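Structure at a glance
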Amino acid sequence: MCLLLSRYQFKGTLAFFKSHHKLPILIISRRSFRSSSETYFHLIETYGRDRALQQGKKLHAHLIINGLARLTHFASKLISFYVETKQLSDARKLFDKIPESNIRRWIVLIGAYSRRGLIQEALSVFYEMQKQGLGANKFVIPSVLKCCGHVYDVQTGRILHSVILKYSIESDVYVISSLIDMYSKCGEVEKARRVFDRMVEKDLVALNAMLSGYGQHGFAKEGFALMDKMEKLGIKPNVITWNSLISGFAQKGDDAMVSKMFELMISNGVEPDVISWTSVISGLVQNFRKEAAFDAFKQMLGRGFLPTSATISTVLAACATMANVRRGREIHGYAVVIRVEDDIYVRSALVDMYAKCGFISEASTLFYMMPERNTVTWNSMIFGYANHGYCDEAIELFDQMEKSEGNKLDHLTFTAVLTACSHAGMVEHGHSLFILMQQKYKIVPRLEHYACMVDLLGRAGNLNEAYDMIKKMPVKPDLFVWGALLGACRNHGDIGLAEVAARHLAELEPENAGNNMLMSNLYADAGSWENVSRSKKMMKRKRLKNFPGCSWIEEAS
C-alpha cells in the first residue's frame, strides 16, 4: 500500500534530497511515496556502508519530523544503520520502540549483529527472543547458525537443527546451507555431509557450503569427488566452487591438484579470479613455503590481477613469519599505492608484521592510528609487547581492550596477556586473569594457557605448584607444557622434577636432543658427573645430534 505525502511532507522531503545532492534522486511523486521510500532506503544503506554517522543521524531526524521513523520498515533499516556505525545503544533503543508483537524486530537486530560480526550480541538477542517464547523461524535461524559457526557453538547449532526438523523447514535451501556451514566450521564435517545427502533438492549454494567445509578441514579429495558427482546430476560448478577446491588442495600443499583445478576450471569456461590466486598464496604461507608464496604473488600481478585486502594481508603474514621487514615495508608501500592500507585486515596484518619483526614503535603507531580495531589487531599488539619485553605495556593494553571492547576478547588474547605476566613474573595477576578467562568470559583453558601458567609459576620458583597444575589438567599435557616445566627446573636446579618432565618429553619427541642436553647441563650444574656421562652415552646410543646455535643476516639486494 502506497503512503501519500502531505504537501508539507513533500516539501520537507524535496528539501532533504536537495541538501544531499551527491546521491541520485530516483523519482519523487506528489501522489506516491514508493519511489522516495526507495531513495530513503538507498540513503540509509549507503550511510551505513560508508559509516557516515552524522549524515545518517540527519536523515533519521528528517524521518522523525515526517512521522516516518516509527514505521517498522524504516525502523528496521535504521537499526541496521546504527549497528553498522557501531552505535549499538541507539540500535537497541530503536529495537525497543518497535511493538513486541512484531517478530521482524528480532530478525532485523539479530541479522544486523550477525552481518557486523557481533556474534555474542546476536546470540544474546536470540536467547532473549527464546525466553519470550517466540521460537525461531526460517528468517532468523540462518543468522544464528552463522554466529554458532563463528564461535564453534555446535551445541546451540544442534538445538537449532532440531528446531528446523520440528517446524519442517528443512526444505528451505538457505536454512540447510547455513546448517551445513555451521557443522563444517565446528569441525563436524561428517554431520554436514549427512545433512547435505538428506536434501531432496540439492543446489549450488549447499554444494559450495559443503565443499568449503571439506577444504577447511583437509578433505579436499572428498570435496572434488562430491563436485564431480553433483556435476553429473546437473549442478554446474561456479567460480566459488572451484575456489573452494583450490583453497582445500592449497592448504594440503598438493601443488599438482591445485594446477589441475586451475586447468579444469578454465576448460569448464570459468576464469580464475583474484580469490583463486589468494587461495594459492594462503596455502603456501600455511605450509611455510614463504618464497613460493611470494613467487605466486608475483605471478598473480604478472597476469594483471589487482590484489585485494585479503591478498595483501596473506603476503604480510609471510613477511611476519620470516621476520622479513624489508619485504614487509615493500608490501606496505604497495598497499598504500593500491589504496587498501586503511582496510582493517591489512592494518592488522601490518601491526602483526612490524611487531613480529621487532619494530614495536612502528607497530604501536599504526595500532593507535586505526579508527577501528578487531580482535586480531588487539592480540597482535599485545603479543608484540609481551614477546619483546614490554610486559607492562601489554598488560595495560589488555586492560584497555577489556574496558572498551570486552566482547572481542578470545583465547588468544589471554594467551598473549598470560605470556606478558609470565615474562614479568606477575604470578598473582596471572592467576587472576586465568580465573577471569574462565568465569567471566567462559573460555575453556587450552594447552597454550596451561603452558603459560606453568611457565609463570616455574619462573617464579613455584615448581611444585606448577607440577600440581599439570597433574590436574583435564587434557593431556603437550611438549610445550612439559618443556616449560623442564626449563623452570633447569633455572632453579630441581633435578627430581626435571627428570619427570624429561621423561614425558622423551615420549612426546624422542628424536629431540635438546631436552637431553638440558638435563645434562642440569646434572653438570649439580655436580652429578655420573649422570652427565650417562646422558651423553644415551644420546650416542640413540644417535641424537645436538645442532649448534646459529644466526643469520639478510643481505641487501
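Think of each chain on its own: its residues are numbered from 1, step by step along the sequence as written. Two thresholds apply to this predicted model, a pLDDT of at least 70 for residue-level local features and 80 or more for giving and counting side-chain atom pairs, whereas whole-chain, interface and lining totals are computed over all residues. Only hydrogens and water are set aside when side-chain values are computed; all heavy atoms of the structure are taken into account.

A few words now on the overall build of the protein. Tallying secondary structure elements over the protein gives 31 helices and zero strands in all. Looking at the protein residue by residue over its 557 residues, the buried ones come to 49%. Taking the contacts inside the protein whose residues are at least 6 apart along the sequence as the reference set, 60% of them involve residues at least 24 apart. Total accessible area on the protein is roughly 28,700 Å²; 54% of this is exposed by carbon and sulfur atoms. Going along the chain from the N terminus, every DSSP run of H or I of four or more residues is numbered as a helix, and every run of E of two or more is numbered as a strand. Think of it in three bands: residues with accessible area under 20% of the maximum for their type are buried, residues over 50% are exposed, and the middle band is partly exposed, with areas taken using a 1.4 Å probe on protein chains only. The contact definition used throughout considers only heavy atoms, calling two residues in contact when any of these lie within 4.5 Å. Each accessible area is a Shrake-Rupley estimate made with a 1.4 Å probe; only the visible protein chains count as cover when residues are assessed.

Tracing the chain through its elements places Asp-352 in helix 20 (residues 344–356). Look past the residues within four positions of Asp-352 in its chain and what remains in contact with it is Ala-320 and Ser-380.

Another aspect to go through is the packing of aromatic side chains. Aromatic pairing here means that ring centres of Phe, Tyr or Trp (its six-membered ring) are within 6.5 Å. Orientation follows from the plane angle: under 30 degrees is stacked, over 60 is edge-to-face, and everything else is tilted. Applying the stated criterion across every chain, the model contains eleven aromatic pairs. On the basis of an interplanar angle of 85° and a centroid distance of 6.4 Å, the ring pair of Phe-297 and Tyr-334 is categorised as edge-to-face. Of the two residues, Phe-297 is situated in helix 17 (residues 290–302) and Tyr-334 in helix 19 (residues 325–337); the sequence distance between them amounts to 37 residues. Residue classification places Tyr-334 among the partly exposed residues on the basis of a relative accessible area of 25%. On the basis of an interplanar angle of 65° and a centroid distance of 5.4 Å, the ring pair of Phe-398 and Phe-414 is categorised as edge-to-face. Of this pair, Phe-398 sits in helix 23 (residues 391–405) while Phe-414 sits in helix 24 (residues 411–424), and the two are 16 residues apart along the sequence. Residue Phe-398 shares its accessibility class with Phe-414, and that shared class is buried. Each residue in the set Phe-367, Tyr-368 and Trp-378 is aromatic and connected to the rest through ring pairs, giving one cluster. Remark: a charge is flagged as sitting over a ring if the NZ atom of Lys or the CZ atom of Arg is within 6 Å of the ring centre and within 35 degrees of the ring normal. Seen from the ring of Phe-294, Arg-327 lies directly overhead, with NZ or CZ sitting 4.1 Å from the centre. One cation-aromatic arrangement involves Arg-373 over Trp-378; the distance from NZ or CZ to the ring centre is 5.4 Å.

This brings us to the packing of helix 15 (residues 255–267) against helix 16 (residues 274–286). The interhelical angle for the contact between helix 15 and helix 16, taken along N-to-C directions, is 175°, at an axis separation of 12 Å. One element, helix 15, and the other, helix 16, form an angle in the roughly antiparallel class. Residue-level inspection shows Val-258, Phe-262 and Met-265 of helix 15 in contact with helix 16, the latter providing Ser-276, Trp-277 and Val-280. Throughout, an axis means a line fitted to C-alpha atoms (over the contacting stretch in the case of helices), and angles, computed between N-to-C directions, take values from 0 to 180 degrees. Orientation labels follow simple angle bins: below 35 degrees gives roughly parallel, above 145 gives roughly antiparallel, 65 to 115 gives roughly perpendicular, and whatever is left gives oblique.

Counted as salt bridges are all cases of a side-chain nitrogen of Lys or Arg within 4 Å of a carboxyl oxygen of Asp or Glu. Throughout the structure, instances matching the rule amount to 15 salt bridges. Between Arg-326 and Glu-330 there is a salt bridge, and its shortest N-O distance comes to 3.2 Å. Placement of both Arg-326 and Glu-330 in helix 19 is noted, with a separation of four residues, approximately one turn of the helix. Note on Arg-326: relative accessible area 33%, which makes it partly exposed. The class of Glu-330 is partly exposed, set by a relative accessible area of 44%. In this structure, Lys-408 engages Glu-405 in a salt bridge whose closest nitrogen and oxygen atoms are separated by 2.5 Å. You'll find Lys-408 and Glu-405 in the same group, each marked buried.

So, on to the side chain of Glu-405. Assignment of secondary structure puts Glu-405 in helix 23. Given the relative accessible area of 11%, Glu-405 is considered buried. Contacts described as polar in this section are N or O atom pairs within 3.5 Å, which, within protein, must combine one atom able to donate a hydrogen with one able to accept it, while residues neighboring in sequence count only if both atoms come from side chains. Among the polar contacts made by the side chain of Glu-405, one reaches the side chain of Lys-408 at a distance of 2.5 Å. Discounting chain neighbours no more than four positions away, the residues touching Glu-405 are Lys-86, Arg-373, Trp-378 and Gln-400.

In this section: the environment of Gly-328. Inspection of the secondary structure puts Gly-328 in helix 19. For the pair Gly-328 and Ala-317, spaced eleven residues apart in sequence, the C-alpha separation works out to 9.0 Å. Gly-328 has contacts with Leu-316, Cys-319 and Met-353, leaving out every residue within four places of it along the chain.

What follows concerns the nonpolar core. In a soluble, globular protein the nonpolar side chains are often hidden away together inside. Put simply, buried Ala, Val, Leu, Ile, Met, Phe, Trp, Tyr and Cys residues joined by side-chain atoms within 4.5 Å make one nonpolar core. Counting 167 residues, the largest nonpolar core has Ile-141, Ile-180, Phe-196, Ile-312 and Met-353 as its most contacted members. Top contributing element to this core by residue count: helix 20, with eight residues.

Our next topic: helix 6 (residues 104–116). Residue count minus one, scaled by 1.5 Å, sets the expected span of a helix. Between its terminal C-alpha atoms helix 6 stretches 18 Å, which fits the 18 Å expected from 13 residues at 1.5 Å a residue. For helix 6, a buried count of eleven out of 13 residues is recorded, marking the element as mostly surrounded by other parts of the structure. Of all the residues in helix 6, the buried ones are Arg-105, Trp-106, Ile-107, Val-108, Leu-109, Ile-110, Gly-111, Ala-112, Tyr-113, Ser-114 and Arg-116. With its phi angle positive at about 85°, Gly-117 sits one or two positions after the end of helix 6.

Time to look at unusual backbone geometry. We note that Ser-168 has phi near 55°; this positive angle belongs to a residue other than glycine. Topologically, Ser-168 is positioned in the loop between helix 9 (154–166) and helix 10 (173–185). With relative accessibility at 53%, the residue Ser-168 sits in the exposed group. Unusually for a residue other than glycine, Phe-288 sits at a positive phi of about 60°. Relative to the helices and strands, Phe-288 resides in the loop between helix 16 and helix 17.

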